[in-house]
Amino acid sequence: AQSVTQPDIHITVSEGASLELRCNYSYGATPYLFWYVQSPGQGLQLLLKYFSGDTLVQGIKGFEAEFKRSQSSFNLRKPSVHWSDAAEYFCAVVLTGGGNKLTFGTGTQLKVEL
Amino acid sequence: EPEVTQTPSHQVTQMGQEVILRCVPISNHLYFYWYRQILGQKVEFLVSFYNNEISEKSEIFDDQFSVERPDGSNFTLKIRSTKLEDSAMYFCASSGAGANQPQHFGDGTRLSIL
C-alpha cells in the first residue's frame, strides 16, 4: 500500500547532539518530499523540500535532508540540536501527477534534554 | 513574510450544530486546502480548492462538509451538523500553482464538539 512511514514515534537527544529523523515512502514513483515541524499550539512550518536534482537539501533552522532513491528514504538531520528544536516533525509527500494533496507520516516527537 | 491566518483559534460547539472555520490564505496563492488532525493522530487531507471549485477531496470530506471562497480573501470550511468525531485541529493551507509548490499552513482551529 502507498504510505509514508516515520518509524520513530518519540526520540530524545541531548542538546548539542546530532539528530536524524527517519522517513520512508512507499510509492511507485518518486514523490515530492517535504519535512514540516509543528511546535506546541502552532501550525505546520515547512523545513525543507525535495523535488529533483541534488539529493542533499538544506532547509531552515540548520536542518538538512538526504533523498536516497535506493532506500525510498528522506531522512532529516541536524548536526547539533538546540533546546528550541523540541517539537513534532512530520514527513510528507505529494505524488507527482496525483494532485496537490500532502500525505503525512505519523510524526516523530522530539524531546531535547538540557 | 506573508502568512495564512485562521479564526477562531478555538471553537466549542454542541453536537448537531453548524460550524464555520475561517481562513485567509496568502494573497497571491491559487490553491487552498483544509487538513485535520485528530488528537494523537497524523494530519489528514480533507479537500483542495482551485479556481473556485473543489479539485480533490478525501473520503472524510462527506456531504456534511463544504468549502467556499465567499470573497477575494477568505476561504471557509463549513461542517453542517457536527458529530463528536469531528473534534480535531483543522488546518488551512495555501500554495502557488503546481504540485511542487510548498503549502503554507495556518496555526489551526481547535474544534471541540460537546
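Shown above is the structure to which this text applies.
The rules behind each value
- Residue positions are given per chain, counting from 1 as you read along its sequence in written order.
- All chains are assigned letters beginning with A, and all ligands numbers beginning with 1, in the order in which they are written.
- Confidence filtering applies because this is a predicted model: local features only for residues at pLDDT of at least 70, side-chain atom pairs given and counted only at 80 or more, and all residues used for totals across whole chains, interfaces and linings.
- The side-chain quantities take in all heavy atoms of the structure and omit both hydrogens and water.
- Strands are runs of DSSP state E lasting at least two residues, helices are runs of H or I lasting at least four, and both sets are numbered from the N terminus onward.
- Between the two quantities, the radius of gyration covers C-alpha atoms and the globule rule is 2.2 Å times the number of residues to the power 0.38.
- Burial status follows relative accessibility: with a 1.4 Å probe on protein chains alone, a residue under 20% of its type maximum counts as buried, one over 50% as exposed, and anything between as partly exposed.
- Contacts were defined at the residue level, with two residues in contact if any of their heavy atoms lie within 4.5 Å.
- We treat Lys and Arg as the positive residues and Asp and Glu as the negative residues; His and chain ends play no part in the count.
- Charged groups are reduced to one reference atom each: NZ for lysine, CZ for arginine, CG for aspartic acid, CD for glutamic acid.
- Within this document, salt bridges are pairs made up of a side-chain nitrogen of Lys or Arg and a carboxyl oxygen of Asp or Glu, the two lying within 4 Å of each other.
- Here's the idea: put two parts together, see how much 1.4 Å probe accessible area each one loses, and the total over both is what we call buried area.
- Side-chain atoms alone can form a polar contact between residues adjacent in sequence; in general such a contact is a pair of N or O atoms within 3.5 Å, and within protein one must be able to donate a hydrogen while the other accepts it.
- The aromatic pairing rule takes the rings of Phe, Tyr and Trp, using the six-membered ring of Trp, and pairs them if the centres are within 6.5 Å, calling planes under 30 degrees apart stacked, those over 60 edge-to-face and the rest tilted.

What follows covers the overall build of chain A. Regarding its fold elements, chain A presents zero helices and 12 strands. Walking chain A from its N terminus toward its C terminus, one meets helices and strands in the order β-β-β-β-β-β-β-β-β-β-β-β. Rg of the C-alpha trace for chain A: 14 Å, near the compact-globule value of 13 Å for 114 residues, within the 12% margin. For chain A, with 114 residues in total, the buried portion stands at 46%. Within chain A, contacts between residues separated by at least 24 positions form 54% of all contacts whose residues are at least 6 apart in sequence. Within chain A, one finds 9 positive and 9 negative side-chain charges whose respective centroids are separated by 7 Å.

In this section: unusual backbone geometry. Glycine aside, residues mostly have negative phi angles, and peptide bonds mostly take the trans form. A cis amide bond, omega -10°, links Thr7 of chain B with the succeeding residue Pro8 of chain B. Here Pro8 of chain B is to be found in the loop between strand 1 (5–7) and strand 2 (10–13). Phi is positive for Ser72 of chain A, which is not a glycine, with a value near 50°. Inspection of the secondary structure puts Ser72 of chain A in the loop between strand 8 (64–68) and strand 9 (73–78). We classify Ser72 of chain A as partly exposed; its relative accessible area is 24%. Even without glycine at this site, Asn51 of chain B takes up a positive phi of about 55°. Summarising the element assignment, Asn51 of chain B is placed in the loop between strand 5 (43–50) and strand 6 (53–57). Looking at Asn51 of chain B, the relative accessible area reads 60%, which means it is exposed.

Moving on, we get to the pattern of salt bridges. In a structure, side chains of opposite charge can pair up when their charged atoms sit close to one another. A complete count under the given rule lists seven salt bridges over all chains for this structure. The partner of Arg77 of chain A in a salt bridge is Glu66 of chain A, and the shortest N-O contact between them spans 3.0 Å. On the criterion of sequence distance, the pair formed by Arg77 of chain A in strand 9 and Glu66 of chain A in strand 8 is long-range, its members being 11 residues apart. Exposure remark for Glu66 of chain A: the relative accessible area of 22% places this residue in the partly exposed category. Salt-bridge contacts for Lys101 of chain A lead to Glu56 of chain B; the nearest nitrogen and oxygen are separated by 3.9 Å. Taken together, the residues span two chains, with Lys101 of chain A in the loop between strand 10 (87–94) and strand 11 (103–104) and Glu56 of chain B in strand 6. Beyond isolated ion pairs, a larger network of salt bridges with shared partners links Glu64, Glu66 and Arg77 of chain A.

Moving on: the interface of chain B and chain A. Listed as interface residues are 18 residues of chain B and, on the opposing side, 21 residues of chain A. Between chain B and chain A, roughly 1700 Å² of surface is buried when both sides are summed, and carbon and sulfur atoms account for 58% of that area. Here chain B and chain A share one salt bridge between them. At the boundary of chain B with chain A, the tally comes to six residue pairs in polar contact (both at pLDDT 80 or more). Counting residues per element, the ones that place at least two in the side of chain B that touches chain A are strand 4 (31–37) and strand 5 of chain B. In terms of residue count, the dominant contributor to the side of chain B that touches chain A is strand 4 of chain B (four residues).

We now examine the packing of aromatic side chains. In this structure the tally under the stated criterion is 21 aromatic pairs over all chains. Geometrically, the ring pair formed by Phe34 of chain A and Tyr36 of chain A is tilted, given 6.3 Å between the ring centres and 35° between the ring planes. A relative accessible area of 1% means that Phe34 of chain A is categorised as buried. Since its relative accessible area comes to 0%, Tyr36 of chain A is described here as buried. On the basis of an interplanar angle of 75° and a centroid distance of 6.1 Å, the ring pair of Phe104 of chain A and Phe105 of chain B is categorised as edge-to-face. Note that Phe104 of chain A is positioned in strand 11 and Phe105 of chain B in strand 10 (residues 104–105), a pairing that runs across two chains. Classification of Phe105 of chain B by relative accessible area gives buried; the value is 9%.

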